[in-house]
Amino acid sequence: MSLIGTEVKPFVAQAYHNGDFIEVTEENMKGKWSVVCFYPADFTFVCPTELADLQKEYATLKDLGVEVYSVSTDTHFTHKAWHDHSEAISTIEYVMIGDPSQKISRNFEVLNEEEGLADRGTFIIDPDGVIQTVEINAGGIGRDASTLVNKIKAAQYVRKNPGEVCPAKWEEGGETLTPGLDLVGKI
């Protein structure tokens, strides 16, 4: 079953954020746009490249009203240790959620049960707490955070402009489509 159009399921978790341990729930993802980025594990190889890349886009995402949450099945203590010892991870300003119970990973259907680790899943969530996009990659395939910016802009545009849709490779200010009989077979 697809998670598109479903509300984020309830959870309570501990997280590391800007030098502090904080509690995060699904309620934190309401009232603003959110990106939830699952990754397999701290102190690994592809993961720090992805999270550092996500940090590079963080200011742009914040300007769009988006909060970012990274999630792995590690603890919030492990996130702090990784933050303190990795040059790439030490730059991270967004929330790093620990999911040792694996509840959040199961809620988002990214848990690899055999390994006990999360797959590389990226979710865009609207201000109502509803999942608008899902992208899941195999463990060896890193993600490009720059693609999130246009996806967020498209999701925000569609939300503000009911009845319009954004075509492939749409960029802000670009032409949109209004589905209807006059377009059938003409695209």
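Residues numbered from 1 in each chain as written. Predicted model: local features only at pLDDT ≥ 70, side-chain atom pairs only at ≥ 80, totals over all residues. Heavy atoms only, no water.

### Some remarks on the environment of glycine 65
Next, step 1: With respect to the helices and strands, the residue glycine 65 is situated in the loop between helix H1 (46–63) and strand E4 (66–72).
Next, step 2: Contacts of glycine 65, omitting those with residues within four sequence positions, involve Lys32 and Trp33. (Helix = DSSP H or I, 4+ residues; strand = E, 2+ residues; numbered from the N terminus. Contact = heavy atoms within 4.5 Å.)

### Considering helix H2 (residues 76–85)
Next, step 1: For H2, the complete set of buried residues consists of His76, His79, Trp82 and His83. Around the axis of H2, the buried residues are gathered within 115 degrees of arc, so they sit on the same side. Facing away from the buried side of H2 by more than 90 degrees, the exposed set consists of Phe77 and His85.
Next, step 2: Of the surrounding elements, those touching the buried residues of H2 are strand E1 (12–17), strand E2 (20–25), H1, E4 and strand E5 (95–98). (Buried < 20%, exposed > 50% of the residue type's maximum accessible area, 1.4 Å probe, protein only. Arc of directions from axis to C-beta.)

### As for the UniProt feature "active site" (unreviewed entry) in the protein
Next, step 1: Within this structure's numbering, the places UniProt gives as "active site" (unreviewed entry) are Cys47.
Next, step 2: Along the chain, cysteine 47 turns up in helix H1.
Next, step 3: Beyond its immediate stretch of four places on either side in the chain, cysteine 47 contacts Tyr39, Pro40, Ala41, Trp82 and Arg120. (UniProt positions renumbered as here; feature names shortened; annotations may be inferred.)

### Points about the packing of aromatic side chains
Next, step 1: This model, assessed by the stated rule, comprises nine aromatic pairs.
Next, step 2: Judged by centre distance (5.2 Å) and plane angle (80 degrees), the rings of phenylalanine 21 and phenylalanine 77 are edge-to-face. Pair noted here: phenylalanine 21 is in strand E2 and phenylalanine 77 is in helix H2, with a separation of 56 residues, a long-range link.
Next, step 3: Exposure remark for phenylalanine 77: the relative accessible area of 53% places this residue in the exposed category.
Next, step 4: When the ring of phenylalanine 108 is compared with that of phenylalanine 123, the centres are 4.8 Å apart and the planes differ by 65 degrees; the resulting orientation is edge-to-face. Of this pair, phenylalanine 108 sits in the loop between helix H3 (103–107) and strand E6 (111–112) while phenylalanine 123 sits in strand E8 (residues 120–125), and the two are 15 residues apart along the sequence. Each of the two residues, phenylalanine 108 as well as phenylalanine 123, counts as buried.
Next, step 5: The structure contains a cluster of three or more aromatic residues connected by ring pairs, namely Tyr16, Phe21 and Phe77. (Phe/Tyr/Trp six-rings, centres within 6.5 Å; stacked < 30°, edge-to-face > 60°.)

### Comments concerning empty space enclosed by the protein
The probe, sized like a water molecule, is rolled over the atoms to show the empty space still left.
Next, step 1: Per the counting criterion, the structure on display carries one cavity of 30 Å³ or more.
Next, step 2: Taken as a whole, the largest cavity holds about 110 Å³ of empty space.
Next, step 3: Around the largest cavity sit Cys37, Glu50, Asp53, Leu54, Thr122, Glu135, Arg143, Asp144, Ala145, Thr147, Leu148 and Lys151, which together line it.
Next, step 4: At the level of secondary structure, the elements contributing two or more residues to the lining of the largest cavity comprise H1 and helix H4 (146–160).
Next, step 5: Within the lining of the largest cavity, the residues separate by chemical class into four nonpolar, two polar and six charged. (1 Å grid on protein atoms, 1.4 Å probe; cavity = no way out; pocket = protein on both sides within 12 Å on 5 of 7 lines; lining within 4 Å. Points joined across faces, edges and corners; volume = space filled by probe spheres on them. Nonpolar A, V, L, I, M, F, W, Y, C, P; charged D, E, K, R; others polar.)

### Things to note about the pattern of salt bridges
Next, step 1: Tallied over the full model, the rule gives eleven salt bridges.
Next, step 2: Salt-bridge contacts for lysine 30 lead to glutamate 7; the nearest nitrogen and oxygen are separated by 2.8 Å. Residue lysine 30 is found in the loop between E2 and strand E3 (33–38), and its partner glutamate 7 is found in the segment before E1; the two are separated by 23 residues along the sequence.
Next, step 3: Here glutamate 27 makes a salt bridge to lysine 30, at a shortest N to O gap of 3.3 Å. (Salt bridge = Lys/Arg side-chain N within 4 Å of Asp/Glu carboxyl O.)

### Looking at the environment of threonine 49
Next, step 1: In this structure, threonine 49 sits in helix H1.
Next, step 2: Using a relative accessible area of 51% as the deciding quantity, one classes threonine 49 as exposed.
Next, step 3: From its side chain, threonine 49 meets the backbone oxygen of valine 46 in a polar contact 2.5 Å long. (Polar contact = N/O pair within 3.5 Å; in protein donor to acceptor, adjacent residues only side chain to side chain.)

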